[in-house]
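This is what each chain is made of:
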Amino acid sequence: MNFSLWQFIHNKQPSSVHPLFNTSLIDGIKIVCPSDLAQYWQKSPNLDFSFIGSIKTGEVFPKLWAKYKGLHFEITERKNGSFRCTIRGSLHKYFNDGKDNANLYTFQNLLDTLKRLEQEFKVIPSKAVLENVEFGVNVKTPIPTDKVLKGLIASGKNRFELSKVKGVLFSVINRYEYNVKAYNKAYQLIKAPVLTDRKKCFVMRLEFHYTKMRWFVNTLKVTTLQDLASIEVYNQLGKELID
């Protein structure tokens, strides 16, 4: 049985659908922050940095990294003595204190997350340059999600490829500037205590992961984390998912 990737998104969701199945758009990001944050981050009580080195030679490489509630912080010293400071990971998971990204993550939640990043780590959204962006939608399917994923053939001229990661089925299209990924979100959602009918938890997650920012810069005029804090941009990303 073959399915259109978009047929479940274009169909109206019933009003009784649980909020977990509603749209949670922006999730994963990678940003480059100003060099002067290196010192502040290293002094932060929330970040325990590790270093990378060679066991054989004892050489310590000029890179530090730390994890905090779904985010990965990296500080790399350049040859000129300045620092490249980056953060990558899930804004949604960070908002949930690192627990998961299984619940609804609204536009207001995104705004609150950016405020928290600034308060905790001095990340000013207008100075945080985007390198990667991941956005998507949860779609309630009328049949088991794995059956839908196995039925996905192509989007335009691009064919889907099936794979399994830790027992979860994925259907993926890899392109030069972005990847399209569909997978069975139910494996994560069934851990949420608010779901009572787990046998009918048929949910597909559809995501676009942009690793090149040309479309964001040229079409959406988005270059920084602050630019994502726009309801117009948020709506355009939603439109991209269903076009």
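Up top you'll find the structure we're talking about.
None of these values were measured; they are calculated from a predicted model.

Visitor: Could you give an account of helix α9 (residues 231–242), with specific residues and numbers?
Guide: Given a rise of 1.5 Å per residue, 12 residues ought to cover 16 Å, and the 17 Å separating the end C-alpha atoms of α9 matches this to within 8%. Residues of α9 that are buried: V233, Y234, L237 and L241. Angularly, the buried residues of α9 cover 105 degrees about the axis, an arc narrow enough to put them on a single face.

Visitor: I'd love a proper account of the nonpolar core, names of residues and values included.
Guide: If you look at the biggest cluster of nonpolar residues, it comprises 56 residues, and the most contacted ones within it are W41, V123, F135 and F216. Each residue touching F135, except ones within four places of it in the same chain, is listed here: L25, I26, L206, E207, F208, Y210, W215, F216, L237, E240 and L241.

Visitor: Residue-level account of the pairing of strand β1 (residues 26–33), with values.
Guide: In terms of burial, β1 is a largely internal element, 7 of the 8 residues being buried. As judged from the 5 bridges shared by β1 and strand β6 (residues 129–140), these two strands associate in the antiparallel manner. Across the sheet, the residue bridging to I29 is V133, located in β6. Here β1 runs beside strand β5 (residues 83–90); their pairing, made up of 6 bridges, is antiparallel. What sits directly across from K30, in β5, is R88.

Visitor: Outline the pairing of strand β12 (residues 203–210), supporting the account with residue identities and numerical values.
Guide: Within β12, 7 of the 8 residues are buried, leaving the element largely enclosed by the surrounding structure. Bridge count for β6 against β12 is 8 bridges, and the pairing is antiparallel. Bridge assignment links N138 to a residue of β12, and that residue is R205. Two elements, strand β11 (residues 178–184) and β12, share 7 bridges in a ladder whose sense is antiparallel. Residue V180 lies in a different strand from β12, and its bridge partner there is F208.

Visitor: Give me the lowdown on a nonpolar patch on the surface, citing residues and values where you can.
Guide: Together, I52, F61 and W65 make up a nonpolar patch on the protein surface, roughly 240 Å² of accessible area in all. On the secondary structure map, F61 appears in strand β3 (residues 60–68). Taking relative accessible area as the criterion, F61 reaches 33% and is therefore assigned partly exposed.

Visitor: Give me the sheet that holds β3: which residues, what numbers.
Guide: With antiparallel pairing, 10 strands are arranged side by side in an open sheet as β2-β3-β4-β5-β1-β6-β12-β11-β10-β9. Of all the strands in the sheet, just β2 (50–53) and β9 (161–165) have a single pairing partner and so form its edges. Going across the sheet, the axis of each strand differs from the next one's by a mean of 20 degrees, ignoring polarity. With respect to the sheet, helix α4 (residues 107–121) is in contact with β1, β3 and β4 (71–77), its orientation differing from that of β3 by roughly 130 degrees.

The rules behind each value
- Every chain is numbered independently, its residues counted from 1 as its sequence is written.
- Restriction of local features to residues with pLDDT of at least 70 applies here, the model being predicted, together with a cutoff of 80 or more for giving and counting side-chain atom pairs; totals for whole chains, interfaces and linings are based on all residues.
- To obtain the side-chain values, all non-hydrogen atoms of the structure were used and water was disregarded.
- To qualify as a helix, a DSSP run of H or I must reach at least 4 residues; to qualify as a strand, a run of E must reach at least 2; elements of each kind are numbered from the N terminus.
- One fewer than the residue count of a helix, multiplied by 1.5 Å, yields its expected span.
- Summary of the burial criterion: residues with accessible area below 20% of their type's maximum are buried, those above 50% are exposed, and those between are partly exposed, where the area comes from a 1.4 Å probe applied to protein chains only.
- Along the arc lie the directions from the helix axis toward the C-beta atoms.
- Here, nonpolar core means buried Ala, Val, Leu, Ile, Met, Phe, Trp, Tyr and Cys residues that are tied together by side-chain atoms lying within 4.5 Å of each other.
- We call two residues contacting when some pair of their heavy atoms lies within 4.5 Å.
- Here, a strand pair is defined by DSSP locating no fewer than two bridges between the strands.
- Each patch groups residues whose relative accessible area exceeds 30% and which form no salt bridge, using 9 Å between like charges and 5 Å between nonpolar side chains of Val, Leu, Ile, Met, Phe, Trp and Tyr.
- Exposure was quantified through the Shrake-Rupley algorithm and a 1.4 Å probe, taking into account, for residues, occlusion by the shown protein chains and nothing else.
- When a carboxyl oxygen of Asp or Glu lies within 4 Å of a side-chain nitrogen of Lys or Arg, that pair is called a salt bridge.
- Where helices are involved, their axes are fitted lines through C-alpha atoms of the stretch in contact, as for all axes, and angles between N-to-C directions lie from 0 to 180°.

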